Amino acid sequence: MERFYKIAGLTVKMDTFGRTEKQAENYLCEPCDNYDFCVEPMRELACRKYPHWSEDMREYMFTGAAFYRRLLEFDGLMLHSSAVVVEGRAYLFSADSGVGKSTHTNLWLQLLGDRAYILNDDKPALRLEKGVFYAYGTPWSGKNDISVAERIPVAGIAFVERGETNRIEPFKGSAAVAAIYKQVNHPKTSECRIKVLELMDKMVKNIPIWRLQCNMDIGAAKVSYAAMSGKKCDER
């Protein structure tokens, strides 16, 4: 059954099932005629390309890909990351799967208590609106299904690496662009690829980008929070 959802500030029509339908429940909105776009998961293609995946997994992956493909038309893209919100500002931690981005955002929750919460634990949407980048929760929120249907201004992005000691430093230039490119959606058409590159360029110019080398103890959160927020953990 076709339903309507408010995702990343856009009204989306989507007919889905299983895990995707469940994770999208908090994004349901009233039906309307002037929706922004329809999510087309290309189920036949998904089945041919990934026959070894479960039907549920194919639906989840291909609806997400379809949504983020259309999001480009609205100055938005996906950044593979875990986004934590503190006092109305979003901090995103990005890394390859298994490095520990979700572990790090959970350290922020331990450090800051009820001052912090997770906006999206895997694939937040980022949109450029009137010169400001905002992070949004989406139904495509990873195996833990942690997401909130909110719009929060982005205060910083950190690329996480494992290290024996905790260290954070500004990440600039071509190295920062390369790190971002590795974690965003990669459309197939040249026009869409150009759009992604344009948004990445604006991200580097408008959002503080950091390189975080850390272990997995609470001290890592103290170091990253102090640098990215400009506050010590006991300041409010």
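Structural data are supplied above this passage.
Sequence order as written defines the numbering, with residues in each chain counted from 1. A pLDDT threshold of at least 70 governs which residues receive local features in this predicted model, and a stricter bar of 80 or more applies before side-chain atom pairs are shown or counted, although totals over entire chains, interfaces and linings include all residues. Only hydrogens and water are set aside when side-chain values are computed; all heavy atoms of the structure are taken into account.

(A) Local environment of the overall build of the protein. Elements are defined by DSSP. Helices are runs of H or I of four residues or more, strands are runs of E of two residues or more, and each kind is numbered from the N terminus. Summing up its helical and strand segments, the protein has seven helices and twelve strands in all. Note that the radius of gyration is over C-alpha atoms, with the globule rule given as 2.2 Å times the number of residues to the power 0.38. Taken over C-alpha atoms, the radius of gyration comes to 18 Å for the protein, in line with the 18 Å a tight globule of 236 residues would show. Summarising its shape, the C-alpha atoms of the protein cover approximately 50 × 40 × 35 Å along the three principal directions. Out of the 236 residues belonging to the protein, those deemed buried represent 49%. If you take every contact in the protein between residues at least 6 apart in sequence, the share linking residues at least 24 apart comes to 69%. Carbon together with sulfur atoms contributes 50% to the accessible area of the protein, which is approximately 11,600 Å² in total. Positive charges come from Lys and Arg alone, negative charges from Asp and Glu alone, with His and the N- and C-terminal ends not counted. Every charge is mapped to an atom, namely NZ of Lys, CZ of Arg, CG of Asp or CD of Glu. Separation of charge centres in the protein, based on 33 positive and 31 negative side chains, amounts to 5 Å. Each residue gets one of three labels from its accessible area relative to the maximum for its type: buried under 20%, exposed over 50%, partly exposed in between, using a 1.4 Å probe on protein chains only. Residues are treated as being in contact if the distance between any of their heavy atoms lies within 4.5 Å. Computed by Shrake-Rupley with a 1.4 Å probe, the accessible areas treat only the displayed protein chains as cover when residues are assessed.

(B) Expanded view of the packing of aromatic side chains. In summary, the pairing rule links any two rings of Phe, Tyr or Trp, Trp by its six-membered ring, whose centres are within 6.5 Å, and it sorts them by plane angle into stacked for under 30 degrees, edge-to-face for over 60 and tilted for everything else. Under the definition given, this model contains twelve aromatic pairs. Seen in terms of ring centroids, F67 and Y68 are 5.1 Å apart; in terms of plane orientation they differ by 80 degrees. Their pairing is edge-to-face. For the pair formed by F67 and Y68, the shared burial category is buried. Between Y91 and W108 the ring centres are 5.1 Å apart and the planes differ by 45 degrees, which places this aromatic pair in the tilted class. Residue Y91 is found in strand β6 (residues 89-94), and its partner W108 is found in helix α4 (residues 101-112); the two are separated by 17 residues along the sequence. On the basis of relative accessible area, Y91 is assigned to the buried category, the value being 2%. Site record: aromatic cluster; members linked through ring pairs are F37, F67, Y68, F74 and W140. Put simply, a charge is over a ring when the Lys NZ or the Arg CZ is close to the ring centre, within 6 Å, and near the line of the ring normal, within 35 degrees. Taking NZ or CZ as reference, R19 lies 3.6 Å from the ring centre of Y60, over its face. A cation sits over an aromatic face here: R151 above Y134, 3.6 Å from the ring centre.

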